[in-house]
Amino acid sequence: MALGSVSKYTCPDCHGVLVEIKEGPLVRFRCHTGHAFSPASLMAEINAEIDNGLWEAIRSVEERILLMRQIATLQSEADRPDMALKFERQADDTEARLQLLRDLVLDPAFFGHSPSE
Ligand SMILES: [Zn+2]
């Protein structure tokens, strides 16, 4: 810790505090465990975490839509068409919003690079 100042970033590997070490014009980040990153490699790790998190969120929302449709079917079978319609509409609405999340995760510009890279 004496070698640098505590940064606002956490280690992608162990989630410990990253210390920022300046060496002339260069900056490195290191945690107490010894994981070390350049600004570029830290960026790549953070992007990977965002990507994983977004895909995980998409999977959860897809499950929610499936469950809503199943509840709609159950309501329909129980002769409650109003409730069935309510859950069908919720599922449709959630599916439309999910597309925004899919578009975001598939947009290379969101991760700071162009499709050609
Ligand atoms: Zn670490």
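These figures come from a predicted structure and were not determined experimentally.

Tell me what's going on with the domain arrangement of the protein chain, and back it up with residues and numbers.
Partitioning the protein chain into structural domains gives domain 1 (5-37) and domain 2 (41-111). Between the C-alpha centres of domain 1 and domain 2 the distance comes to 35 Å. Facing seven residues of domain 1, the contacting portion of domain 2 comprises four residues. Between domain 1 and domain 2, a total of about 460 Å² is buried, with carbon and sulfur atoms accounting for 73% of that surface. Applying the counting rule to domain 1 against domain 2 returns zero salt bridges. Our count for the domain 1 to domain 2 interface comes out at zero residue pairs in polar contact (both at pLDDT 80 or more). The residue inventory of the side of domain 1 that touches domain 2, partitioned by class, reads five nonpolar, one polar and one charged.

Cut-off values and rules
As a convention, each chain's residues are numbered from 1 in the sequence order in which they are written. The predicted nature of this model means local features are confined to residues of pLDDT at least 70 and side-chain atom pairs, given and counted, to a pLDDT of 80 or more, with totals for whole chains, interfaces and linings taken over all residues. Hydrogens are left out, water is left out, and the side-chain values use all remaining heavy atoms of the structure. Where each domain begins and ends is defined by an automated method or by a domain database. Note on contacts: a residue pair qualifies if any of its non-hydrogen atoms lie within 4.5 Å across the two residues. Note on definitions: buried area is the accessible-area loss of two parts on being combined, 1.4 Å probe, summed for both. What makes a salt bridge here is a side-chain nitrogen of Lys or Arg within 4 Å of a carboxyl oxygen of Asp or Glu, nothing more. Two N or O atoms form a polar contact when they lie within 3.5 Å of each other; inside protein one atom must be a possible hydrogen donor and the other a possible acceptor, and for residues adjacent in sequence the pair counts only when both atoms belong to side chains. Residues are grouped as follows: Ala, Val, Leu, Ile, Met, Phe, Trp, Tyr, Cys and Pro are nonpolar; Asp, Glu, Lys and Arg are charged; every other residue, Gly included, is polar.

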